[in-house]
Each structure stands twice: as structure tokens, then as C-alpha cells.
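Each chain is listed here by its residues.
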Amino acid sequence: MTLQTSEPLPIESLAQLNRQIIVILDFGSQYSELIARRIRETQVYSEVLSYRTTAEQLLKLNPKGIILSGGPSSVYDPVAPHCDRQIWELGIPILGVCYGMQLMVQQQGGEVTRSQRAEYGKASLSIDDPTDLLTNVEDGTTMWMSHGDSCNVLPPGFEILAHTDNTPSAAIAHHEKKLYGVQFHPEVVHSVGGQALIRNFVYHICDCEPTWTTAAFVEQSIREIQAKVGDKRVLLALSGGVDSSTLAFLLHKAIGDQLTCMFIDQGFMRKHEPERLVKLFKEQFHIGVEYVNARDRFLSSIADITDPEEKRRRIGHEFISVFEEESRRLGPFDYLAQGTLYPDVIESADTNVDPKTGERVAVKIKSHHNVGGLPKDLRFKLVEPLRKLFKDEVRKVGRSIGLPEEIVNRHPFPGPGLAIRILGEVTSERLEILRDADLIVRQEINRQGMYSLLWQAFAVLLPIRSVGVMGDKRTYAYPIVLRFVSSEDGMTADWARVPYELLEIISTRIVNEVPGVNRVVYDVTSKPPGTIEWE
Ligand code: XMP
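The rules we used
Residues numbered from 1 in each chain as written. Predicted model: local features only at pLDDT ≥ 70, side-chain atom pairs only at ≥ 80, totals over all residues. Heavy atoms only, no water. Near = heavy atom within 4 Å. Polar contact = N/O pair within 3.5 Å; in protein donor to acceptor, adjacent residues only side chain to side chain. Nonpolar A, V, L, I, M, F, W, Y, C, P; charged D, E, K, R; others polar. Domains from an automatic or database assignment. Helix = DSSP H or I, 4+ residues; strand = E, 2+ residues; numbered from the N terminus. Buried < 20%, exposed > 50% of the residue type's maximum accessible area, 1.4 Å probe, protein only. Pairing = 2+ DSSP bridges. Contact = heavy atoms within 4.5 Å. Buried area = accessible area lost by both parts, 1.4 Å probe. Salt bridge = Lys/Arg side-chain N within 4 Å of Asp/Glu carboxyl O. Axes fitted to C-alpha atoms, helices over the stretch in contact; angles between N-to-C directions. Expected span 1.5 Å × (residues − 1). Parallel < 35°, antiparallel > 145°, perpendicular 65-115°, else oblique. pLDDT = per-residue confidence, 0-100. Core = buried A, V, L, I, M, F, W, Y, C linked by side-chain atoms within 4.5 Å.

## Quick notes on the site of the ligand
Okay, step 1: Every one of the 14 residues lining the ligand counts as a neighbour, but Arg312, Gln456, Lys527, Ile532 and Glu533 are closest to it.
Okay, step 2: At 3.2 Å from a nitrogen atom of the ligand is found a main-chain nitrogen or oxygen belonging to Gly415.
Okay, step 3: One nitrogen or oxygen atom from the side chain of Gln456 is found 2.8 Å from an oxygen atom belonging to the ligand.
Okay, step 4: Tallied by class, residues from the shell around the ligand come to 5 nonpolar, 6 polar and 3 charged.
Okay, step 5: Counting contributing residues, the shell around the ligand receives three or more from each of domain 2 (214-408) and domain 3 (427-522).

And the structure:
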């Protein structure tokens, strides 16, 4: 990978680099973001925009193709979302998915009606025209349906490409105008031939080239940072996760010493993590980190506090105070670097924007620090180089720049850290115990090669004591709970069915090696009704 960091490119040239874009117009589908991810997996850049985007705005973006997403409405609802009718005349290939197809049919002069039978779930796709959109998609392949309306009469010039038992026009095309529609959802994982279809659209129909690569992203974002920041100073709060670490690397490549990385050690991280992070940055990346030891401050801020919400609130508040003091001490800074990712941008499209300049402003530090607002006189402009990326893309970039796997694949770790894994009062003695138990958990999970198979695996300390016996002596000590879960996104989770042998090794080691613990229990609660963390 070559990194050209010398001359900033003018903004127009940056637009040129992004020329290969497929735009998704979002009609409210839960899958719009997923379509964007699937397209990016084909190495073509893709963005989700509102269905209200006009043909004129689209022309400026000059996309290679447009996808109209699905959506919960029926095209006949009085308030159904419609796209600008001019987009059909742009000469840009369009693929309508589910609602998007129905809209295409309606606006092109066909007819959409409520089907006799709504169709949900898997359906076998019978292919009538195996060329074009359906090249290499197997006849009889499974596609995932979710629709109540169907296209009854096709608009003039359209042909059927495929059907299912219930849906005569499951895939349609107007070859000349390059308009395509599919009644199913090619983007979901249950649609077996879905990715092949998406590739066909991207490469055969829209004539894209694979320009969305990690190397191209790194090169482009370095230039963008230089163009934006100029000779100003940037502050970055490192947390040790993949987002802020990748961010630090990119910014440092782009602006060198104009970047200040600050790591606030709250004292609630896992064993050895603060030291390792600072060392890694210094030795591997040659990036200096301002290490702020605020352990005592944080611990006293929650002394005697047992209520979980109050604990979180105080830690968040303390973070803001330390951040504020330290940024004044090290500053002044013009920009705050944030690890905002693309899903955050889609979800908060209109929030946090300065109405005068249209710039996104820092009203809060990213939510993983669990902090409220910064004081009014300490507002920074934002630099957010990861804002176009999905999490898996950040991991790819992180890996490509040499971040070790332990950071790239790190399990989620809550902002308040171990403080919310010690139930009730947090003391330095309890922190020490939990850190040692947690280290054993990590060591054994890694030894068994299970780390990447689990969403999270950690220890929790309960503030009670139970009786045990060690040697000839009776003990009266804390129990440790093991919480190992599998999950897709943290919203729901299941307790992990790990081998008994693994639990046995961990339990034996913790009780033998960690003074103050005489019992280990395994949490077998799913989420819901339980949460992953215990506080
Ligand atoms: P729960 O406990 O709500 O957690 O099931 C869901 C996911 O969120 C993580 N989590 C947090 N992450 N700050 C964070 O950045 C927090 O305060 C916080 N609390 C929970 C948790 O580890 C799990 O992955």
C-alpha cells in the first residue's frame, strides 16, 4: 500500500475518487443499510440517501446505479413515499427492491394490487431469463420474500425474468431503459443467489469497477483530512478499541504532530490494557499518547455508590471533567476526532448539525464514553474520517494498517468498564480481584481458540460472600460469575454452550489463583430477559 500524504488534493478531485457510487434511495426498509453493505462487499462504494433526493441532486453525484429500497408502505397509501419522477429519465440503471419495484411498476404505467396471499419467507425462484440480472443465479434458488402487494400488470416494455409459485413477476426488466425490479430481498442472508444478483447489477448492468478497496479508502481519507484540517490542531480521545485506534493511525498519517492522542485511564480497564495500548502506539505506530492517570479520581467519584445508574452517571460526569481539564491543558484544539461510523450517520442524519454552517458539531463525545454534553465554550469542530465505514470495514482498515488482532477483534467493552461488572460498591480490592479473574477467563478462552466464536466472555464480581473450604480451612469469600454470550449485534443474546472442560479449568484456576474468591458460577440467562452486563 502506498500512502501519498504530501500535497492535499482539491475537493473536486476527491469527488472524482468517489465516482463509482451506487446510491440507495431509502423508503424506510430495515434492510437499506444491508443493501449498502452488500454492494460494498463487491468493492463498489454505496450510500443510503433519503427517497426525497431529487433527480437534480442525484445527477450531481453522478451515480453508476440507483437502488430503490423496500419499505413498509403500499404504493396506494395516500401518504406513500414517492421518488422524484424525473429519476426514470436520467438514463442511470435502476433496481427496485420490493416496494421499490412496486413504485417502479406504478410510475411506469403498470398496475400493483394487494395479493390474495401475502408472501413471507423463503420462496423458490424459477428463472425465465438467465441472462443479465440473473446471470449465474441458479434456477430454483431460494430467495426471501416479504410482501403483501404484487405487480399485476407490467408497464409497457417490461419483461418477466423470474417467477415463484405465488408471484408471477418476481423479477422484471426493461432492458433498453435498464430498469429492473425484484419482488424479493436479494440482500438478506437467506437469499442464496442474492449476492450474485447484486454483483450482476453492479458489474454487468452499471458497469462499475472495483474501486472501493481498503488501500483506496486509506489514501483518500488521508487527503480529505489534510484538506479539511489544514494546519490546525486535532484532539483524539483514545479508548483502546478498533475505531479510535484506526482513527489515530489515519490522522497521524495525515497531519503528524498536529494530532494529540489522549488516553484517560479511569482505572476500570482490564489487566495490562492501558500499558499495552500506550506501548503499542509508541513502539509500533510511533504515535505519542498523552496518558492521563485519573484512577484515584474516578474511584473516589463512585465511593459508596451502589446504584448502577448513579454509578454510570458519575463516571460519565467525571470523564467530561477530566476531558475538559486535560484538553484545556494540552490545547487549544480546533478539531475533535470522533470515531463516528456510517450507521451512526444514517441514524442521526439531521442531528448535531450547525444550522448556519451545515457542519456537524461536537455536542457530545461518542456514546461509548457514556458522557453527556461538553461545556458550551468547549465545542470543537468535528473530524470523522470513519463516517463512511461500517464496522467490518473499520476492522479491515485496522488490519491493513497493522493493528494487532487483539484490538481488531476485541469484544465490546462498556465505557464504564469493570466498574459495572462489580455489583454494588467498587473498591480497589474488588477491582484487583475482578481483574485477575477476568485475565484468567481471557487466557483460557484464547487458549481454546474460542475468543472469536463468542460475542463477549467476561467475569463479574458479586458483592456478597459465601462459605467454602480450602485445605482444612473454612473460607468466606466472593463468588465470580462467568458471563459468556453469543450474539449478532448485542441487542439479543444467548448464553454460550461452551464445553464443561473449559468451565472446569477456568473455575479451578480462579479459585486457586485469585485470593478472595472461593466460588465460580455460570450465568445461563439469555437476553431478553437478562442483559449482557450485570449492571
Ligand atoms: P446490555 O448489558 O445492555 O449490553 O445487554 C449490550 C451491549 O452493550 C454493551 N454495553 C455498553 N457499551 N457503554 C458501552 O459502550 C456502556 O455503558 C455499556 N453498557 C453495556 C455491553 O457490553 C453489550 O455488548
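Now, onward.
## A look at unusual backbone geometry
Okay, step 1: The amide bond that connects Gly331 to the next residue, Pro332, takes the cis arrangement and shows omega of 5 degrees.
Okay, step 2: Here Pro332 shows up in the loop between helix H10 (308-330) and strand E13 (335-337).
Okay, step 3: At the junction of Lys527 and Pro528, the peptide bond is cis and its omega measures out at -15 degrees in the coordinates.
Okay, step 4: Residue position: Pro528 is located in the segment after strand E19 (517-522).
Okay, step 5: Although it is not a glycine, Asn62 adopts a positive phi angle of roughly 50 degrees.
Okay, step 6: Taking relative accessible area as the criterion, Asn62 reaches 43% and is therefore assigned partly exposed.

## Examining the pairing of strand E15 (residues 456-461)
Okay, step 1: Burial of E15 is extensive: 6 of the 6 residues sit out of reach of the surface.
Okay, step 2: With burial as the criterion, each face of E15 is covered, one bearing Gln456, Phe458 and Val460 and the other bearing Ala457, Ala459 and Leu461.
Okay, step 3: Bridge count between E15 and strand E17 (residues 473-486): 6 bridges; the pairing is antiparallel. Along E17, the bridge assignment pairs Phe458 with Arg483.

## Looking at the side chain of Ser301
Okay, step 1: Among the structural elements, Ser301 can be located in helix H9 (residues 295-301).
Okay, step 2: Within the structure, the side chain of Ser301 is placed 2.7 Å from the backbone oxygen of Phe298, a separation counted as a polar contact.
Okay, step 3: Each residue touching Ser301, except ones within four places of it in the same chain, is listed here: Arg314 and Glu318.

## Considerations on the domain arrangement of the protein chain
Okay, step 1: Domain annotation of the protein chain identifies domain 1 (15-205), domain 2 (214-408) and domain 3 (427-522).
Okay, step 2: Counting from both sides, the interface comprises 8 residues of domain 2 and, opposite them, 11 residues of domain 3.
Okay, step 3: Note on domain 2 versus domain 3: buried area summed over both sides is about 790 Å², and carbon and sulfur give 46% of it.
Okay, step 4: Considering only the side of domain 2, the residues that lose the most area to domain 3 are Arg270, Lys271 and Leu299, jointly responsible for 69% of the buried surface there.
Okay, step 5: We note a salt bridge from Asp438 to Arg270, for which the minimum N-O separation is 2.8 Å.
Okay, step 6: Within the side of domain 2 that touches domain 3, the residues separate by chemical class into 3 nonpolar, 2 polar and 3 charged.

## Structural notes on the side chain of Thr42
Okay, step 1: Along the chain, Thr42 turns up in the loop between helix H2 (32-41) and strand E2 (45-50).
Okay, step 2: In terms of polar contacts, Thr42 uses its side chain to reach the backbone carbonyl oxygen of Ile39, at 2.6 Å.

## Some thoughts on the pattern of salt bridges
Okay, step 1: As enumerated under the stated definition, the model contains 31 salt bridges in all.
Okay, step 2: Salt-bridge contacts for Arg38 lead to Glu41; the nearest nitrogen and oxygen are separated by 3.0 Å. Linking Arg38 with Glu41, this pair stays in helix H2, spanning 3 residues, or about one helical turn.
Okay, step 3: By relative accessible area, Arg38 is classed as buried at 16%.
Okay, step 4: Glu535 serves as the salt-bridge partner of Lys311, at 2.8 Å between the closest nitrogen and oxygen.

## Digging into the sheet that holds strand E5 (residues 111-127)
Okay, step 1: Read from one edge to the other, the open sheet built from 9 strands follows the order E2-E1-E3-E4-E9-E8-E7-E5-E6, with strand pairing classed as mixed. Lying at the two open borders of the sheet, with one neighbouring strand each, are E2 and strand E6 (141-153). When the angles between neighbouring strand axes are averaged without regard to direction, this sheet yields 25 degrees.
Okay, step 2: Lying on the sheet, H2 is in contact with strand E1 (21-26), E2 and strand E3 (65-68); it crosses E2 at an angle near 160 degrees.

## Topic: helix H14 (residues 428-447)
Okay, step 1: With 20 residues, H14 extends 29 Å between its outermost C-alpha atoms, agreeing within 8% with the 28 Å of an ideal straight helix rising 1.5 Å per residue.
Okay, step 2: The positive-phi residue at the C-terminal boundary of H14 is Gly449, with phi of around 65 degrees.

## Considerations on the packing of helix H6 (residues 214-229) against helix H12 (residues 391-400)
Okay, step 1: For the pair H6 and H12, interaxial distance at closest approach is 10 Å and the crossing angle is 85 degrees. The angle between the axes of H6 and H12 places the two elements in the roughly perpendicular class. Between H6 and H12, the contacting residues are Thr214, Phe217 and Val218 on the first element and Lys396, Val397 and Ser400 on the second.
Okay, step 2: Here the contact of H6 with H12 is composed, by residue class, of 3 nonpolar, 2 polar and 1 charged.

## Some words on H6
Okay, step 1: Between its terminal C-alpha atoms H6 stretches 22 Å, which fits the 22 Å expected from 16 residues at 1.5 Å a residue.
Okay, step 2: Restricting attention to buried positions, one finds in H6 the residues Phe217, Val218, Gln220, Ser221, Ile222, Arg223, Ile225, Gln226 and Val229.

## What about the confidence of the model for the protein chain?
Okay, step 1: Summarising the model, the protein chain shows a mean pLDDT of 89, and 91% of its residues fall at 70 or more.
Okay, step 2: Within the model, the stretch residues 1-16 combines pLDDT values under 50 with 25 contacts to residues more than four positions away or in other chains.
Okay, step 3: The low-confidence segment residues 350-355 (pLDDT under 50) makes 10 contacts with residues lying over four places distant or belonging to another chain.

## Some points on the environment of Val189
Okay, step 1: Inspection of the secondary structure puts Val189 in the loop between strand E9 (179-182) and helix H5 (194-205).
Okay, step 2: Owing to a relative accessible area of 67%, Val189 belongs among the exposed residues under this scheme.
Okay, step 3: Once the C-alpha coordinates of Val189 and Arg38 are considered, the two residues, 151 residues apart in sequence, prove to be 10.0 Å apart.

## A word on the nonpolar core
Okay, step 1: Residues Leu251, Phe484 and Ile510 are the most contacted members of the largest nonpolar core, which totals 117 residues.
Okay, step 2: Counting residues per element, this core draws most heavily on helix H7 (residues 242-255), at 8 residues.
Okay, step 3: Leave out the neighbours within four places in its chain, and Phe484 touches Val441, Ile445, Gln456, Ala457, Phe458, Asp494, Trp495, Ala496, Val498, Leu503, Ile506 and Tyr522.
Okay, step 4: Counting residues in each nonpolar core, the second largest holds 37 residues, with Ile35, Ile67, Met145 and Cys208 among its members.

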